[in-house]
Amino acid sequence: MSVRSKVIEAIQQIAKEQRVALPELSDDLSLHETGFDSLAFAILVARLEDETGVDPFTISEDAAFPATVGDFVRAYENVPA
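Residues numbered from 1 in each chain as written. Predicted model: local features only at pLDDT ≥ 70, side-chain atom pairs only at ≥ 80, totals over all residues. Heavy atoms only, no water.

Draft legend 1. The nonpolar core, seen in detail. Ranked by internal contacts, the top residues of the largest apolar core, which has 20 residues, are V7, F36, L44, L48, F72 and Y76. Those elements that provide at least two residues to this core are α1 (3-17), α2 (38-52) and α3 (69-77). When residues in this core are grouped by element, the largest group, 6 residues, is from α1. Dropping the residues within four chain positions of it, V7 is found in contact with L48, F72, V73 and Y76. (Core = buried A, V, L, I, M, F, W, Y, C linked by side-chain atoms within 4.5 Å. Buried < 20%, exposed > 50% of the residue type's maximum accessible area, 1.4 Å probe, protein only. Helix = DSSP H or I, 4+ residues; strand = E, 2+ residues; numbered from the N terminus. Contact = heavy atoms within 4.5 Å.)

Draft legend 2. Focus on a negative patch on the surface. Residues E9, E49, D50 and E51 make up a contiguous surface patch of negative charge. Per element, the largest residue contribution to the negative patch is 3 residues, and it comes from α2. Mapped onto the elements, E9 comes out in helix α1. A residue is classified by how much of its surface remains accessible, and E9, at 43% relative accessible area, is partly exposed. (Patch = residues over 30% accessible without salt bridge, like charges linked within 9 Å, V, L, I, M, F, W, Y side chains within 5 Å. Areas by Shrake-Rupley, 256 points an atom, 1.4 Å probe, with all protein chains shown as cover. Salt bridge = Lys/Arg side-chain N within 4 Å of Asp/Glu carboxyl O. Lys, Arg positive; Asp, Glu negative; His and termini not counted. Charge placed at Lys NZ, Arg CZ, Asp CG, Glu CD.)

Draft legend 3. Inspection of α1 at higher detail. Its 15 residues place the ends of α1 21 Å apart at the C-alpha level, agreeing with the 21 Å of an ideal helix rising 1.5 Å per residue. Residues V7, I8, A10, I11, I14 and A15 constitute the buried set of α1. Seen along its axis, α1 keeps its buried residues to an arc of 160°; they face one direction. Just past α1, the residue R19 takes up positive phi, approximately 55°. (Expected span 1.5 Å × (residues − 1). Arc of directions from axis to C-beta.)

Draft legend 4. Structural view of the pattern of salt bridges. Following the criterion strictly, the structure yields 4 salt bridges and no others. A salt bridge links D27 to R4; the shortest N-O distance between them is 2.8 Å. Here R4 lies in helix α1 and D27 lies in the loop between α1 and α2, a separation of 23 residues in the sequence. Look at R4 and you get partly exposed, because its relative accessible area is 28%. Among the salt bridges present, the one from E17 reaches R47, with a minimum N-O distance of 3.0 Å. Taken together, the residues E17 in helix α1 and R47 in helix α2 connect sequence positions 30 residues apart. A relative accessible area of 28% means that R47 is categorised as partly exposed. Among the charged side chains, a salt-bridge network with shared partners connects R4, D27 and E77.

What is shown is where atoms sit, not what they do.
Here it is as structure tokens:
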């Protein structure tokens, strides 16, 4: 399964668990527009760290939280191996 697929699947699963009605996910969709609150994002990052073994937001001193779904996916895709 690709990194993109893992991230999208995790977003969809957490939305279901948190009873969030997700809009259609696209790379240019603002993370704010997903309907996730800070708890849902924390769960998402923790779950992806459990699954991938990395948290791209803590491995770099200058990491900024992404603005769009595409930025979020790329944060995980661009983690050095």
